[in-house]
Amino acid sequence: MIVSHDVDGPVDGPAVVLLHSSVCDRRMWEPQWRPLVEAGYRVVRPDFRTCGDSPAAQAPYSDAGDVRALLDHLGVERAALVGSSYGGRVALTVAALHPERVGSLFLLCPGRPGHVPSPELRKFGAAEDALLDAGDLAGAVELNVETWLGPDADAAAKDLVRAMQLRNFEVALAVTESHELPEPAIDLAAVTAPLLVFGGAHDEPDFRRIAAELPGLVPGARHQELPWAGHLPSLERPDEVTGLLLDFLAR
C-alpha cells in the first residue's frame, strides 16, 4: 500500500519530502507547503500509518520502508528529507539504509533510531497511557499540546495539534494487531547527506540531547539550538522555520 500523501510542484523540480511528527499528520507542514512549491521544489508530504488519512497496515511494514516505496511510486530517485520529531527519526533511518536516495537532511527536534527514553520521557509516556486507558482522549490530547508546543505557539497551532493528535489516537486505538516491523540496527555513520539539525531550548531534555549529539554521530552534521522553540518549531514560528529551510535547500 502507498500511504496517503500530497505532491505538488514541477515534476522536474528538486524533490523535498516532509515527514511529520507522530503527534501530528501531514497537515503540520501547511505553512511550509506553498512557499516550497513556489520556490520550484517538487514537494511531497505523506501521512504515516494510522496518522491523518493513512489507515492501519494489514501486512508487515516500516515507516522508512513506506517512504522509500512512496519515492519509488513517484519516480523520485533522490530527495531532500525534512523531518520533525518522529519524522526526523524516520528520515535518519532512510538516510542510513539508503544513502543514495537522500540528498540532504533538515531535522527539527528529531528522534533517533535506537534512542532509549530517559526516565523523564518514560514518565510522560506513562501519564499518556494512563489517560488513554481511562478513555480520556481529551486529557491525553491536552497533555501532548502542553508538552510539545513551545511558548510561541498561538491558538491556531494548538487547535491544529489537538485535531491531529485526536485523529491519531482514535485510529491507533482501533488497531487490534500491529504489523510494524522491528526497527533495524542503524549505523548513522553511513549517512552521507549534508545534515542540519535544530533543537529547541524549551523542548524535553531527550530531544535536546539527540539534536546536540548528532554531529558526533553523522559525518559533517551541523547543530543549532533555537532559543525560542519547543518541540514543534515549524508550527510555533512557521515563517522563521520556512526561511531557514529555504536557505538550507538553496545551498
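Here goes a summary of the coordinates provided.

### Here's the deal with the environment of Val-23
By the element assignment, Val-23 lies in the loop between strand 2 (15-19) and helix 1 (30-38). Residues Val-23 and Gly-150, 127 residues apart in the sequence, show an inter-C-alpha distance of 14 Å. The contacts of Val-23, once residues within four sequence positions are left out, are Asn-144, Trp-148, Val-161, Met-164, Gln-165 and Asn-168.

### Focus: unusual backbone geometry
Look at Thr-50: it is not a glycine, yet its phi comes out positive at around 65°. Within the fold, Thr-50 resides in the loop between strand 3 (42-46) and helix 2 (63-74).

### Thoughts on the side chain of Ser-85
Note on placement: Ser-85 falls in the loop between strand 4 (79-84) and helix 3 (86-97). Ignoring anything within four residues of it in the chain, the contact list for Ser-85 reads Ser-21, Leu-108, Cys-109, Pro-110, Gly-111, Phe-207 and His-231.

### Some points on the side chain of Arg-112
Of note, Arg-112 is situated in the loop between strand 5 (102-108) and helix 4 (119-133). If sequence neighbours within four positions are ignored, Arg-112 has contacts with Arg-89, Leu-92, Leu-188, Ile-210, Glu-213, Leu-214 and Leu-217.

### Let's talk about the sheet that holds strand 7 (residues 222-226)
An order of 1-3-2-4-5-6-7 is seen for the 7 strands of this open sheet, with the pairing classed as mixed. Only two strands of the sheet have a single partner each, and these edge strands are strand 1 (5-8) and strand 7. On average, each strand axis in the sheet is tilted by 15° relative to the strand beside it, whichever way the strands run. Examined bridge by bridge, strand 2 and strand 3 share 3 bridges and lie parallel to one another. Following the sheet pairing, Ala-15 is matched in strand 3 by Arg-42. Strand contacts of helix 3: strand 2, strand 4, strand 5 and strand 6 (195-200), with the helix running at about 155° to strand 5, the strand carrying the most contacts. Along the sheet, helix 9 (residues 238-250) contacts strand 2, strand 4, strand 5, strand 6 and strand 7; its crossing angle with strand 5, the most-contacted strand, is approximately 160°.

### Focus on the packing of helix 5 (residues 137-148) against helix 6 (residues 155-173)
Put simply, helix 5 and helix 6 touch, their axes get as near as 9 Å, and they point 130° apart. With respect to each other, helix 5 and helix 6 are oriented oblique. Taken as a pair, helix 5 and helix 6 cross one another with a handedness that is right-handed. Counted together, Leu-137, Ala-140, Val-141, Glu-142, Asn-144 and Val-145 of helix 5 and Lys-158, Val-161, Arg-162, Gln-165, Leu-166, Phe-169, Glu-170 and Leu-173 of helix 6 form the full contact between these two elements.

### Topic: the pattern of salt bridges
Counted under the stated rule, the structure contains 18 salt bridges. Note that Arg-45 and Glu-30 form a salt bridge whose closest N and O atoms lie 3.0 Å from each other. Here Arg-45 is found in strand 3, whereas its partner Glu-30 is found in helix 1, with 15 residues between them in sequence. The class of Glu-30 is partly exposed, set by a relative accessible area of 45%. The shortest N-O distance in the salt bridge between Asp-152 and Arg-237 comes to 2.6 Å. Residue Asp-152 is located in the loop between helix 5 and helix 6, and its partner Arg-237 is located in the loop between helix 8 (233-236) and helix 9; the two are separated by 85 residues in the primary sequence. By relative accessible area, Arg-237 is classed as partly exposed at 31%. A cluster of three or more residues bridged by salt bridges with shared partners is formed by Asp-6, Arg-26, Glu-30, Arg-45, Asp-47 and Asp-53.

Rules of the game
Residues numbered from 1 in each chain as written. Predicted model: local features only at pLDDT ≥ 70, side-chain atom pairs only at ≥ 80, totals over all residues. Heavy atoms only, no water. Helix = DSSP H or I, 4+ residues; strand = E, 2+ residues; numbered from the N terminus. Contact = heavy atoms within 4.5 Å. Pairing = 2+ DSSP bridges. Axes fitted to C-alpha atoms, helices over the stretch in contact; angles between N-to-C directions. Parallel < 35°, antiparallel > 145°, perpendicular 65-115°, else oblique. Left-handed = near helix turned anticlockwise from the far one by under 90°. Salt bridge = Lys/Arg side-chain N within 4 Å of Asp/Glu carboxyl O. Buried < 20%, exposed > 50% of the residue type's maximum accessible area, 1.4 Å probe, protein only.

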